[in-house]
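Architecture and fold: a report
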Amino acid sequence: MVNSGTYPLWRDLAMSEGLPTEALKTVIGGLCAPATAPIGFDTQAARWREEALKAALLAFLARTSAE
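Calculation criteria
Residues numbered from 1 in each chain as written. Predicted model: local features only at pLDDT ≥ 70, side-chain atom pairs only at ≥ 80, totals over all residues. Heavy atoms only, no water. Salt bridge = Lys/Arg side-chain N within 4 Å of Asp/Glu carboxyl O. Buried < 20%, exposed > 50% of the residue type's maximum accessible area, 1.4 Å probe, protein only. Helix = DSSP H or I, 4+ residues; strand = E, 2+ residues; numbered from the N terminus. Contact = heavy atoms within 4.5 Å. Core = buried A, V, L, I, M, F, W, Y, C linked by side-chain atoms within 4.5 Å.

A closer look at the pattern of salt bridges
Summed over the entire model, instances satisfying the criterion amount to three salt bridges. The salt bridge involving Arg 11 is made with Asp 12; its shortest N-O contact spans 3.0 Å. The class for Asp 12 is partly exposed, based on a relative accessible area of 43%. Here Lys 54 and Glu 50 are joined by a salt bridge, their closest N and O atoms 3.3 Å apart. Of this pair, Lys 54 and Glu 50 are both found in helix 3 (residues 43-66), four residues apart, which corresponds to roughly one turn of the helix. For Lys 54, a relative accessible area of 53% corresponds to the exposed category. Residue Glu 50 is classed as partly exposed on the basis of its relative accessible area of 45%.

Here it is, written out as structure tokens:
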């Protein structure tokens, strides 16, 4: 689980051209992890995760096709 406020950070890391290959597993894990919420399921956090993951997937696809 991650803090929902970190999804933009994980997205930015995923989209960074300087991201080392060794860090990909950690970044993908952060983007896929559900958010912690003191009151149960947080629909806004789920939406933030979905948006961050969508943006990151484009960067991941570009990265794999470039290699």
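Considering the side chain of Ser 4
Of note, Ser 4 is situated in the segment before helix 1 (7-15). Contact partners of Ser 4, with chain neighbours within four places excluded, come to Ala 35, Ala 45 and Trp 48.

What to know about the nonpolar core
If you look at the biggest cluster of nonpolar residues, it comprises 14 residues, and the most contacted ones within it are Tyr 7, Trp 10, Ala 14, Val 27, Leu 31 and Phe 60. Elements that contribute at least two residues to this core include exactly helix 1, helix 2 (24-32) and helix 3. The element contributing the most residues to this core is helix 3, with four residues. Ignoring anything within four residues of it in the chain, the contact list for Ala 14 reads Leu 19, Val 27, Leu 31, Ala 56, Ala 59 and Phe 60.

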